[in-house]
Structures are given as C-alpha cells and as structure tokens.
Amino acid sequence: MRKAYIDNIRWATVWLVLSYHVCYMFNGVGILGGIPGAENIPAFDTAAAMVYPWFMVLLFLLAGISARYSLGKRTGGQFIRERAVKLLVPSTLGLFIIHWMTGYLNIKMGGGLEYIPAPLVYPISAISGIGPLWFIQTLFLFSCVLVLIKKLDRRDRLWKLCGKCGLTIIILLVLPVFGAAQVLNMPVLTMYRFGIYFVAFLIGYFVFSHDGVQDRIERARVPMLCAAVICAAVYAVIYHGTDYTSPKCLQSVVTNMYLWFTVLAILGFAKRYMDRETDSTRYMSSSSFGVYILHYPILLAACYALCTYFRLPAICNYLLALVIEAVLTPLAYELIRRIPVVRWLVLGLKKAC
C-alpha cells in the first residue's frame, strides 16, 4: 500500500526544485551555470540559499524509502532492470533527444562554439547536457550498490535493527550526515556530492522505511520544526549573500544541522497533514518524474531568450521564466509520453501512463 504523504513530499519537492532553478539562472552570488550578465534580485538568491542545503538530501532519502518498498516486491535483478529503464536510459540516450539543447546553450553562452568543429557540436552538446539529470544518474548508481548490500544481509538484520531507532538516535543521525558531507564531493561540479547523498539514501532505506520510525517523527514534528527554524536563522546570518554551493557552506556544522532538522520537520508534518490523495495529487505524483526530467532545457531556453532578445525589468524575467517553465514543462510531458519510442528514450516509459 502506497504512502500518500511520501508521494506528496516528492512531487512538492520536485516543483520546489523547478522554482529554485529560476533563481539559480539569475543568481548573483557567483554560482556557475546561470545566464551571463543577467540582472539579479538578491532576495531570490536568499530564497535559493534557504532551500539548497536540504531539498536534494530529502529527495535521496525518499528514494531510499521507496527502494525498500520496491525491493520488498522484486528480486535484485528485477529491481535493477526496472531502474535501468527508468533512470539510466533517460540520463544517457535521452540526452541526444532533448538535453542536447542544454549543452548547446551552455556552450554558446560560454563562448565555446567557435572552438568546436561543426560535426562535433551536436554530440558534445548532448554529452554535456546532463543538467539536473545528475540526480537520476547518481540514483541508479546507488540502486546498484544497494542490491549488493542486500545480498550481504540476506536476512535483513541491519534493517530490522534500524527499526528500533528512537528519537534520540534519529536526531543523532545528523552526525553521519555531517561526516558524509565532508567526503566524495566532486570538484567544480558541486552537485555531485556522493557522500551525503548516498548516506541519505541508505538512511531512507534502513531507517525511515519503518512505520514505527515514521510515527516517531510525526509525534516530534513541532520540536523538529522549532529546531529547524533556529538553525535556519543561524545559517542565514552566517551565509547570507555568499555562494551557498561552496564547500565552506555545505560542509559546515550549521548547514548540516539545518538541513537535517528541516528534513525531519517536513517528514513529520507531511505524515500528519499530507497523507491523503486526490485526483490532483495523484496526477502530480505520476507526472513529477517526467516534469523533473524535462524542465531544465525548457527553462534554460526561456531564460536565454528573455535575456538575449528582450529588455525587461529583472522581476519580469523571474516571473516570466517561472510561468513559462510551469506551463510548458507539463505540456511537454503530456506530449512526449504519448509518442512511442521517444517516451522510452526521454522518460523511461515503455507505454503511455
């Protein structure tokens, strides 16, 4: 039986990522990958900085929970084959269908087109157009490692032990989260934080997939929210106006305390108030993965066009980019999921859903 609140957190977080990327495109704190020379509004940098530390940790933790539920109904081989279609195909073959646009525009804005021979522009654009698909590439890697771990613990001793975690242990999991934030971080490509994301994935699988643990977090939701607010205030004071993707920020004690208490508060409140389904939430849940895959090239093209061909006030660029992304991305999803072969390559769908 699916847990509606987990699905609801997932799609809501995906749409938060879409909103974040609008702020990221026009950022003024020196983060690479935005629109060169775009006019910036500092308040939106602050909003982006407040969500960046925790939203991907939350998505990986939810993915770990879902992996536990999925492996309970499938063999390891079935699990990997399913994940290969859903995750690996869109983030490799799909690059050559849609995401070459991301690579092309990034190369163009960086002034690199003149240095690439014409026949190589398309393949290089496709290979470099990964964008946010790093998430599903990383998730596929973690899924493969998880199957190996499960083979070593065939009787689920570790999973059963983790189900006994009380609230104190749950809070103290911030220590391995903080420790993991220090290791396996890619230089320059700061989104590839293999350490913290893998630990979040494992915590989701071994700890938070237990009903008892979820109940404990729900009961402690108010204290977790209070702790998150306090940590958020300290985090904001220390890192306001700085590059919030820098190792100095992401590896600090304050940032990791803030992200962990925020994740716990979201899980607790969602279980209490979002554990229900409607026709709208079911659609959002079923479409969120496709929306995540498709949104970035649409947003990047919109932002590039706005900044290249129009002279609008900065606030108009932000709002128009958000509206274009929010309207065109679901429309693109509805179109592509109906096209045989293309839907498999881009969305990992064998048939229209």
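The structure displayed is predicted, hence computed values, not measured ones. (Residues numbered from 1 in each chain as written. Predicted model: local features only at pLDDT ≥ 70, side-chain atom pairs only at ≥ 80, totals over all residues. Heavy atoms only, no water.)

Enquirer: I'd like a description of unusual backbone geometry, backed by residues and values.
Expert: Here the phi dihedral of Asp156 falls at roughly 60°; this positive angle occurs in a residue that is not glycine. For Asp156, the position within the fold is in the loop between helix H6 (134–152) and helix H7 (157–162). The backbone of Leu184 shows a phi angle near 55°, a positive value even though the residue is not glycine. Structurally, the position occupied by Leu184 is in the loop between helix H9 (174–180) and helix H10 (194–208). (Helix = DSSP H or I, 4+ residues; strand = E, 2+ residues; numbered from the N terminus.)

Enquirer: So what's going on with the packing of H10 against helix H14 (residues 253–273)? Residues and values would help.
Expert: Two quantities define a packed helix pair, namely the angle between the helix axes and the distance between the axes. Interaxial distance between H10 and H14 falls to 14 Å at its minimum, and their mutual angle equals 35°. Like other packed secondary-structure pairs, H10 and H14 cross with a definite hand, here right-handed. Facing H10, whose interface residues are Ile196, Ile203 and Phe208, H14 presents Asn256, Leu259, Trp260, Leu264 and Leu267. Across the contact of H10 with H14, the residue classes tally to seven nonpolar, one polar and no charged. (Axes fitted to C-alpha atoms, helices over the stretch in contact; angles between N-to-C directions. Left-handed = near helix turned anticlockwise from the far one by under 90°. Contact = heavy atoms within 4.5 Å. Nonpolar A, V, L, I, M, F, W, Y, C, P; charged D, E, K, R; others polar.)

Enquirer: An account of the nonpolar core is needed here, citing residue identities and associated values.
Expert: Formed by 112 residues in total, the largest nonpolar core has its most connected members in Phe208, Tyr244 and Trp260. At 18 residues, helix H2 (residues 42–71) tops the list of elements feeding residues into this core. Sequence-distant contacts of Tyr244, that is, excluding residues within four places in its chain, are made with Tyr20, Val29, Ile31, Asp45, Ala48, Ala49, Tyr52, Tyr235, Cys249 and Leu250. (Core = buried A, V, L, I, M, F, W, Y, C linked by side-chain atoms within 4.5 Å. Buried < 20%, exposed > 50% of the residue type's maximum accessible area, 1.4 Å probe, protein only.)

Enquirer: Can you tell me about helix H11 (residues 211–219), naming the residues and giving the values?
Expert: The complete set of buried residues in H11 reads Val213, Gln214, Ile217 and Glu218. End-on, the buried residues of H11 take up no more than an arc of 140°, which puts them together on one face. (Arc of directions from axis to C-beta.)

Enquirer: Could you give an account of the packing of aromatic side chains, with specific residues and numbers?
Expert: Note on aromatic pairs: each is described by the distance of the centres and the angle between the planes. One pass over the full model with this rule turns up 28 aromatic pairs. For the pair Trp100 and Tyr122, a centre-to-centre distance of 6.2 Å together with 65° between the ring planes defines the contact as edge-to-face. Highlighted residues: Trp100 in helix H4 (residues 100–109) and Tyr122 in helix H5 (residues 118–127), separated in sequence by 22 residues. Every member of this aromatic cluster is reached through a ring pair, and the members are Phe60, Trp134, Phe135, Phe142, Tyr192, Phe194, Tyr197, Phe198, Phe201 and Tyr292. It is Arg193 that lies over the ring of Tyr197; its NZ or CZ is 5.9 Å from the centre. Of note, Arg221 hangs over the ring of Phe269, and the distance from its end group to the ring centre comes to 6.0 Å. (Phe/Tyr/Trp six-rings, centres within 6.5 Å; stacked < 30°, edge-to-face > 60°. Lys NZ or Arg CZ within 6 Å of the ring centre and 35° of its normal.)

Enquirer: Requested: an account of the side chain of Asn8, with residues and values cited.
Expert: Among the structural elements, Asn8 can be located in helix H1 (residues 4–25). Since its relative accessible area comes to 4%, Asn8 is described here as buried. When neighbours within four sequence positions are excluded, Asn8 is seen to be in contact with Met274, Arg276, Thr281 and Ser285.

Enquirer: Give a detailed account of the environment of Val17, specifying residues and quantitative values.
Expert: You can see Val17 is positioned in helix H1. The class for Val17 is buried, based on a relative accessible area of 2%. In sequence terms Val17 and Ala48 are 31 residues apart; their C-alpha atoms lie 9.5 Å from each other. Setting aside anything within four residues of it in sequence, one finds Val17 in contact with Phe55, Met56, Leu59 and Tyr292.

Enquirer: Describe in detail the environment of Thr92, supporting the description with residues and values.
Expert: Looking at the secondary structure, you find Thr92 in the loop between helix H3 (76–88) and H4. Separated by 38 residues in sequence, Thr92 and Ile130 place their C-alpha atoms 8.4 Å apart.

Enquirer: Describe in detail the state of the cysteines, supporting the description with residues and values.
Expert: Evaluated as defined, the whole model comprises zero disulfides. Cysteine Cys303 remains unbridged, with the sulfur of Cys307 as its closest cysteine sulfur at 6.5 Å. (Disulfide = S-S within 2.5 Å.)

Enquirer: An account of the pattern of salt bridges is needed here, citing residue identities and associated values.
Expert: Within the structure shown, the criterion is met by twelve salt bridges. Close ionic contact of Asp211 with Lys3 constitutes a salt bridge, the shortest N to O distance being 2.8 Å. One end of the pair, Asp211, is in helix H11; the other, Lys3, is in the segment before H1, with 208 residues separating them in the sequence. A salt bridge links Asp156 to Arg68; its shortest N-O distance comes to 2.9 Å. (Salt bridge = Lys/Arg side-chain N within 4 Å of Asp/Glu carboxyl O.)

By themselves, these figures tell us nothing about what the structure is for.
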